[in-house]
Structure formats: structure tokens, C-alpha cells
Amino acid sequence: MSEGRQEPNTVEYFLQDIEHHGRNERTAAAYERVLSDYEEFLADRFEKTPPEASYRDCMAWVHELRATHSESTVATYASYLNRFYSYLERVGHTDENPMTVVLEEMNESIESNPTRRDVTLPEMRSFVGEIRHPLHRAIVTTLLKTGIRAGELCNLDLIDLHIDHEAQTWQPRAHIAGRPDSLFIATEHTYGRESGGERRTASNKRKRETVVPIDEELKEVLIRWLAVRPETPASAPSAPATGPLFVGTADSWGERLTPDIVHHVVEGYARDRGWYRTGGGAAENVTPHYFRHFFTTHLRDRTGDRGIVQYLRGDVASDVIDTYTHNWGDRVRETYLEHIYSVTP
């Protein structure tokens, strides 16, 4: 038995917390039952306490639940565990929430349901080919070729982009200074909080900072966008290049994009294509998140390397990275460039 067994009972603390927040007795009893069973599972199977559990331990628990419970019940229990770990992370009992990746993978399995709209690669190329506006083309192509979320795209600063081209007139951040043709996705941006000198309108939800390769196709699209990108105060020649990479070209001229704007842009083109209907759900409508699903599915099928795809998505823990060679950056880039699909018709 590990020394961690001597730690305070975090389950009891959490149950007290939800009681203070007004949860009714029935809900509190459900949390207590599920978390007590989970605590017993960890102790019996791995000799661990909840704060010591890893992503793999949580996945083992989910797999065991699936043997005796419906998918809807498993999803409910997983949400209980996710809230529990969010609490432990908030009060400092654990460094990270291991359920984050588990829920992402569970959501992916739901998104691969046969009822979800299935857009083929040739259809997606035709869709992208109809987008002429430089900003809109850059938004859609970046989402499709990197798998980043809409909020993460909005949070990109100029220094997060390093391209080997004269269009780059700024010094990229140190993380990618020696990695031309790369995007850096940070973790520190949080909705409503100041970061990089401005209050952010979106959160970066990934667990690890990520360097995503840029292939020639995306590079060309970004260069065309940079040629017409409105100048902002932060990106003026006399100021440090810390301004946003993507800014508005209409009502919000020169201002950082927001997730609402990105959704509006994608929705417009998807409607024209017949891929979006008011009242339609995730199974029918193509949204910015659909592009993340598209990226995940196609790149995973092409590479057969789930670990690298998880890394690029930003939802992989350090122990997964450690299973690969020390030269991780080159491995990701080589695999990505060899297998990433083209979205040019």
C-alpha cells in the first residue's frame, strides 16, 4: 500500500463541498455511492488513492463500468468523477484532472456514431475551395489542419506563429524560435483573465502546451492572410509583435476574433453547403468543433498513432509522451507532414 493512503479522505471533503453548494440529498447520495465504489476500485486494483490515479486508471474504471452499465449511466458516472477531480485540482490535492482526456475520448466515440454527418475528404476539399475571403479561408484551413478549438484559434498571437517567409516580421516566442513552420498553442489563456496584456474572450482547454507543425498548404493560406491582415496597435512596427494573429475585417475591424465570430463564419458557409440547419444537433450540423473531429478521425486513421494525435490535440499527459523517443518534436513533425491530408481541391 502506498504512503498516499495516509492522506486526508478527499472523497469526504468533496461530498462536504457539494453539500455546501446546495446539492439535494438524492444527488449527494449518488455522488457518495459512485465515488466510494471508485475509491474501492483504485485501492483493490492499483493500491492507489484518488489523488494518485492517472488517466489510465480512470480509463480502467470506465471500461469496468461498461461491462455492467449502459453508456448513458457510464457517462453520468464519468461526469461525477470529472467534477470530483476538478475539485481536487482546484484545492491543490492533485496537479491535473485525469478525467479530461477520458471525457475527450468518450466524446469522440459518441461523435463517431453512424448517425453523425459523414463528410468525405473530397467533399471537404470542395467546401474549402468555395471560401475566397482570406480570413475565412485561413480560419477554416487552420481548424481543419491543426485540430485546435475555436477558442484556441482566437487566442493565437503573432508570436505563436513561426513561418519561414518574409511575411513574418516579428520574433516568434522562444518555444518555437528554432522550429520554423510551427504554431504554438499555449495553456495559460483563460476566459475573462488577462494574458499577454489583454483580457481573453476564450479559454485554451488543453492540458499541455503544444507545438503543431505547419505544412506548405496551411503556410500558403496564412501568408495570404498576413498580406491583408489589418494592423493593430500591438502589431504596429513601433510596438512589440504581441497582437492577435486573427483579427476582424468587418464590424470588429482589427480586433481579436472571438469564438462567436468563428462560429458565425463557419455556420454561414456550412448553411450554404446544406451542412447546417437551425435546430439541428451535433449529428447534423458542421461547426468549428466538427473540424476537430474531422482532424482527429482522419489523422488517426492515416497514422495509426493515437499518441501523436492526442499530443496534437493537446489532451495527452506527459506519461504518454514519455513512451516515445526523447526526440519527440521531430517524431511529431515527421509523422504529421507524412500523413496530413490536403484540403485544396
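Residues numbered from 1 in each chain as written. Predicted model: local features only at pLDDT ≥ 70, side-chain atom pairs only at ≥ 80, totals over all residues. Heavy atoms only, no water.

Points about unusual backbone geometry
- In the Ramachandran plot, Glu-47 falls in the positive-phi region, its phi being about 55 degrees despite a non-glycine side chain.
- Within the fold, Glu-47 resides in the loop between helix H2 (25–46) and helix H3 (55–66).
- For Glu-47, a relative accessible area of 42% corresponds to the partly exposed category.
- Of note in the backbone geometry, Asp-181 takes a positive phi value of approximately 60 degrees without being a glycine.
- Along the chain, Asp-181 turns up in the loop between strand E1 (161–162) and strand E2 (182–185).
- Asp-181 gets classed as buried once you look at its relative accessible area, which sits at 13%. (Helix = DSSP H or I, 4+ residues; strand = E, 2+ residues; numbered from the N terminus. Buried < 20%, exposed > 50% of the residue type's maximum accessible area, 1.4 Å probe, protein only.)

Let's talk about the sheet that holds E2
- Strands sit in the order E1-E2-E5 across an open sheet of three strands; the sheet is antiparallel. Where the open sheet ends on each side, the last strands, each with one partner, are E1 and strand E5 (210–213). (Pairing = 2+ DSSP bridges.)

Re the packing of helix H11 (residues 288–303) against helix H12 (residues 306–313)
- The geometry of H11 relative to H12 is characterised by a closest axis approach of 9 Å and an angle of 155 degrees between their N-to-C directions. On the basis of their axis angle, the class for H11 and H12 is roughly antiparallel. Viewed along their axes, H11 and H12 form a crossing whose handedness is right-handed. Each of Arg-292, Phe-295, Thr-296, Leu-299, Arg-300 and Thr-303 in H11 lies in contact with H12, whose residues at this interface are Arg-306, Val-309, Leu-312 and Arg-313.
- Considering only residue class, the contact of H11 with H12 consists of four nonpolar, two polar and four charged. (Axes fitted to C-alpha atoms, helices over the stretch in contact; angles between N-to-C directions. Parallel < 35°, antiparallel > 145°, perpendicular 65-115°, else oblique. Left-handed = near helix turned anticlockwise from the far one by under 90°. Contact = heavy atoms within 4.5 Å. Nonpolar A, V, L, I, M, F, W, Y, C, P; charged D, E, K, R; others polar.)

Here's the deal with the nonpolar core
- Ranked by internal contacts, the top residues of the largest apolar core, which has 60 residues, are Met-124, Phe-127, Leu-161, Leu-245, Phe-246, Phe-291 and Leu-312.
- If near-sequence neighbours (up to four positions away) are discounted, Leu-161 is found in contact with Gln-168, Trp-170, Pro-172, Ile-176, Ser-182, Leu-183, Ile-214, Leu-222, Leu-226 and Leu-245.
- If you look at the next biggest cluster of nonpolar residues, it comprises 32 residues, including Ile-18, Val-62, Tyr-80 and Met-99. (Core = buried A, V, L, I, M, F, W, Y, C linked by side-chain atoms within 4.5 Å.)

Thoughts on the environment of Arg-199
- Mapped onto the elements of the fold, Arg-199 is located in strand E4 (residues 198–199).
- A residue is classified by how much of its surface remains accessible, and Arg-199, at 58% relative accessible area, is exposed.
- Non-local contacts of Arg-199, meaning those with residues more than four positions away in its chain, are made with Gly-192, Arg-193 and Glu-194.

Observations regarding the confidence of the model for the protein chain
- Confidence in the prediction for the protein chain averages 84 pLDDT; 86% of positions are at 70 or higher.
- Ignoring residues within four places in sequence, the model shows residues 1–6, a span with pLDDT below 50, making eight contacts including any to other chains.
- Considering only residues more than four positions removed or in separate chains, one finds that residues 235–240, a stretch of pLDDT under 50, has eight contacts. (pLDDT = per-residue confidence, 0-100.)

A look at the pattern of salt bridges
- A full pass over the atoms with the stated rule returns 17 salt bridges.
- Arg-273 serves as the salt-bridge partner of Glu-130, at 2.9 Å between the closest nitrogen and oxygen. Taken together, the residues Glu-130 in the loop between helix H6 (121–129) and helix H7 (134–146) and Arg-273 in helix H10 (residues 259–273) connect sequence positions 143 residues apart.
- What makes Arg-273 partly exposed here is its relative accessible area of 26%.
- Residue Arg-149 is joined to Glu-152 by a salt bridge in which the shortest nitrogen-to-oxygen separation is 2.8 Å. (Salt bridge = Lys/Arg side-chain N within 4 Å of Asp/Glu carboxyl O.)

Some details on the environment of Val-34
- Here Val-34 shows up in helix H2.
- The buried category is assigned to Val-34, whose relative accessible area is 3%.
- In the structure, Val-34 is positioned 46 residues away from Tyr-80 in sequence and 7.7 Å away in space, judged by C-alpha atoms.
- Those residues in contact with Val-34 that sit more than four places away from it in its chain are Trp-61, Tyr-77 and Tyr-80.

A short note on the pairing of E5
- Of the two faces of E5, both are covered, the one formed by Thr-210 and Val-212 as well as the one formed by Val-211 and Pro-213.
- Here four bridges tie E2 to E5, and the two strands are oriented antiparallel to one another. Among the inter-strand pairings, Leu-183 is bridged to a residue of E5, identified as Val-212.

A closer look at the packing of aromatic side chains
- Taken as a whole and assessed by the stated rule, the structure comprises 13 aromatic pairs.
- The interplanar angle of 85 degrees and the centroid separation of 6.2 Å between the aromatic rings of Tyr-38 and Tyr-85 together place this pair among those described as edge-to-face. Of this pair, Tyr-38 sits in helix H2 while Tyr-85 sits in helix H4 (residues 71–91), and the two are 47 residues apart along the sequence.
- Using a relative accessible area of 0% as the deciding quantity, one classes Tyr-85 as buried.
- The rings of Phe-14, Tyr-31, Tyr-38, Trp-61, Tyr-77, Tyr-80, Phe-84, Tyr-85 and Tyr-87 are connected pair by pair, giving a single aromatic cluster. (Phe/Tyr/Trp six-rings, centres within 6.5 Å; stacked < 30°, edge-to-face > 60°.)

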